[in-house]
Amino acid sequence: MLIEPARDGDVTLYVSENYLSGNIPKTIGECSSLEYLYLRGNSFNGIIPSSLASLKGLRHLDLSRNHLSGSIPDVLQNITFLEYLNVSFNMLDGEVPTKGVFQNVSELSVTGNNKLCGGVSELHLPPCPVKGKKHAKHHNFRLITSIVSPIAFLLVLSFILTFYWGRKKSKKPSSDSPTIDHLAKVSYQNLHRGTDGFSIRNLIGSGSFGSVYKGTIEPEDTIVAIKVLNLQKKGAHKSFIAECNALKNIRHRNLVKILTCCSSIDFNGQEFKALVFEYMTNGSLESWLHPAADITYQPRSLNFEERLNIINDVASAVHYLHYEFEQAVIHCDLKPGNVLLNDCMVAHVSDFGLARLLSSVGVSLMQSSTIGINGTVGYAPPEYGMGSKVSLEGDMYSFGILILEILTGRRPTDEMFKDGYTLHNYVKITISYNFVEIVDPTILPNELEQTTNIENLGLTHPSVEKCLLSLFRIALACSMESPKERMNMVDVIKELNLIKRLFPYGI
């Protein structure tokens, strides 16, 4: 147990990530000066005591990842100064209050409690059942639907016909080839010249759907990365251009920027399609985590702060794709090879929107290769292998595996993982008794590489220990086998922000 002053005399009770069990004592409400209470990651059961409302000065309350049941006490919304509440991953049920801290969804987390309902609309929880009037409401709904549906259909049909004929009337004759809106035109000849004929010397990556070359484009000889797509089907020029125009609008500081694209015919008369990206000078995260044995120059290893920053950068990019863009974008293939680093070691996610782009030119979403737009073996969620559609939850699984690889230095396809034994299982089993064994030794200072237990590590670097444990917990929660049990990126961002607030790093 740790009780300590924090932030200029504020009182904190921190007992997270221990093996505490039983009910949360009602007498906790007698700790009148308590302002920060962290009980997450234990085995507490029973209900959330209403006596917590007696803590009038409480600011932060974290009860996540326990076995608490029952409803969330309404009286918690009356704590005036409560600004952060996390009750995720328990067994809570009933209606979520709507006042006080429950109005601020950016500082509230209730995920992982499948029987909760109601709350403010931003939580996207199911409505709570209304007693007594269920059958009457259902009858009224059917009556209203039977009246409104035909009227709505006629209105929509009228609008579509008007829009169609209006466009047809005003449409001007098109040129031989559609242009790429607001993007600089680039020809096959330009790209051929800028890569020395797509020379193998300029090849910086390859996969089942294309090869990536380092090259230059005019007029200023800008260094770029050119992804040449392996396409067999012809005649998809217009749809390809349309998808490129859509992808160019996806802009975020942690996404690799699409500069332009090319749809043309090569010197052999074959269909040629390529995407042109900004060039990342420090290459892929894959090359930093697993440097090739046959190269003369070995990059330095990533320290803990750099890995934490990369995790934050990738999370920010995925949050944008899932929730901030005008239409949710599912990445489908999050892995170290698709995380690129610029000259300041800021991470940028690449190949976003590739599934939609390739499907527009006739490539099936379900490929038999080990690398496809439905995911890469080891990083793709198990449900994809059983024919499930790509989903946000699928991206979260890949993100969880990516964090585990960043922290352990082990690929999910390592030869030790077979016969149902996975990277997720390895970390989940080992973390409780031999924490240091699972951590990539290059993260820890040299003098700690031989440390054999978590207590010795904690005595030297307590903030690093706590931060690593929290990151592992997030990764395991994201990579659960069942899609419904996985964290979403909204809650991941909240957890990462809490890590930065509680465990300042400067190593």
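By convention here, each chain's residues receive numbers from 1 onward along its written sequence. Two thresholds apply to this predicted model, a pLDDT of at least 70 for residue-level local features and 80 or more for giving and counting side-chain atom pairs, whereas whole-chain, interface and lining totals are computed over all residues. To obtain the side-chain values, all non-hydrogen atoms of the structure were used and water was disregarded.

### Thoughts on the sheet that holds strand 7 (residues 67-70)
Stated precisely, the cut-off is as follows: In this scheme, strands are said to pair when DSSP sees at least two bridges between them. For helices the rule is a DSSP run of H or I covering at least 4 residues; for strands it is a run of E covering at least 2, with both sets numbered from the N terminus onward. Inter-axis angles, ranging from 0 to 180 degrees, are taken between N-to-C directions of lines fitted to C-alpha atoms, where helices are fitted over the stretch in contact.
In space, the five strands of this open sheet follow the order 3-5-7-9-11, with parallel pairing throughout. At either end of the open sheet lies a strand with only one pairing partner, and these are strand 3 (21-23) and strand 11 (115-118). Strand-to-strand twist of the sheet, defined as the mean angle between neighbouring strand axes without regard to direction, takes the value 25 degrees. Pairing between strand 9 (residues 91-96) and strand 11: four bridges, direction parallel. Bridging across to strand 11, aspartate 93 finds its partner in lysine 115.

### Structural notes on the packing of aromatic side chains
For the record, the criterion: Aromatic contacts are taken between Phe, Tyr and Trp rings whose centres are within 6.5 Å, Trp giving its six-membered ring; a plane angle under 30 degrees counts as stacked, one over 60 as edge-to-face, and the others as tilted. Remark: exposure states derive from per-residue accessible area (1.4 Å probe, protein chains only) relative to the maximum for the residue type, with buried under 20%, exposed over 50%, and partly exposed in between. Ring-over charges, as used throughout, are those where CZ of Arg or NZ of Lys falls within 6 Å of the ring centre and within 35 degrees of the ring normal.
Within this structure, the stated rule accounts for 10 aromatic pairs. Geometrically, the ring pair formed by phenylalanine 198 and phenylalanine 272 is tilted, given 5.7 Å between the ring centres and 50 degrees between the ring planes. Note that phenylalanine 198 is positioned in the loop between helix 2 (188-194) and strand 12 (203-207) and phenylalanine 272 in strand 16 (residues 271-278), a separation of 74 residues in sequence. Comparing phenylalanine 198 with phenylalanine 272, the two get one shared label, buried. One aromatic cluster is present, formed by Tyr188, Phe198, Tyr213, Phe267 and Phe272 through successive ring pairs. Lysine 466 extends its terminal NZ or CZ atom over the ring of tyrosine 14, reaching a point 4.9 Å from the ring centre.

### Describing the state of the cysteines
Formally, a disulfide is one covalent bond, and it connects the sulfur atom of one cysteine to the sulfur atom of another. Which entries qualify depends on this criterion: When two cysteine sulfur atoms are found within 2.5 Å, that pair is recorded as a disulfide.
In the structure shown here, the tally under the stated rule is one disulfide. Between the sulfur atoms of cysteine 117 and its disulfide mate cysteine 128 the distance is 2.0 Å. Looking along the S-S bond of the cysteine 117-cysteine 128 disulfide, the torsion reads about 95 degrees, which is the right-handed sense. Taken together, the residues cysteine 117 in strand 11 and cysteine 128 in the loop between strand 11 and helix 1 (134-170) connect sequence positions 11 residues apart.

### Focus: the confidence of the model for the protein chain
Let me state the cut-off plainly: pLDDT gives the predictor's per-residue confidence on a scale running from 0 to 100. The contact rule is simple, with two residues in contact once any of their heavy atoms fall within 4.5 Å.
Residues of the protein chain with pLDDT of at least 70 account for 77%, and the chain-wide mean is 81. Low pLDDT, under 50, characterises residues 169-182; the stretch is placed with 14 contacts to residues that sit more than four places away or in other chains. Low pLDDT, under 50, characterises residues 362-373; the stretch is placed with 29 contacts to residues that sit more than four places away or in other chains.

### A closer look at the pattern of salt bridges
What counts, and what does not: In the sections that follow, a salt bridge refers to a side-chain nitrogen of Lys or Arg positioned within 4 Å of a carboxyl oxygen of Asp or Glu.
Across all of its chains, the model carries 15 salt bridges by this definition. Between aspartate 440 and arginine 307 there is a salt bridge, and its shortest N-O distance comes to 3.0 Å. Taken together, the positions of aspartate 440 in the loop between helix 9 (435-438) and helix 10 (454-460) and arginine 307 in helix 5 (residues 304-324) put the pair 133 residues apart, joining distant regions of the chain. Several salt bridges converge on common partners, so that one network encompasses Glu17, Arg40, Asp62, Arg65, Arg473 and Glu495.

### Side note on the nonpolar core
As a reminder, the rule being used: The nonpolar core is taken to be a set of buried Ala, Val, Leu, Ile, Met, Phe, Trp, Tyr and Cys residues, with the residues joined through side-chain atoms within 4.5 Å.
Of all hydrophobic cores here, the largest spans 76 residues; its most connected members are Ile250, Ile310, Val314, Phe399, Leu471, Phe472 and Val492. The greatest single-element share of this core, amounting to 11 residues, is contributed by helix 11 (residues 462-478). Core analysis: the next-biggest nonpolar cluster, separate from the first, contains 30 residues, Phe44, Ile79, Phe102 and Leu116 among them.

### Overview of the side chain of arginine 307
Quick note on the threshold: N or O atoms within 3.5 Å of each other form a polar contact, as long as, within protein, one can give a hydrogen and the other can take it, and as long as residues adjacent in sequence are counted only when both atoms are side-chain atoms.
For arginine 307, a relative accessible area of 2% corresponds to the buried category. From its side chain, arginine 307 meets the backbone oxygen of leucine 302 in a polar contact 2.9 Å long. Dropping the residues within four chain positions of it, arginine 307 is found in contact with Leu289, Leu302, Ile406, Asp440, Thr442 and Ile443.

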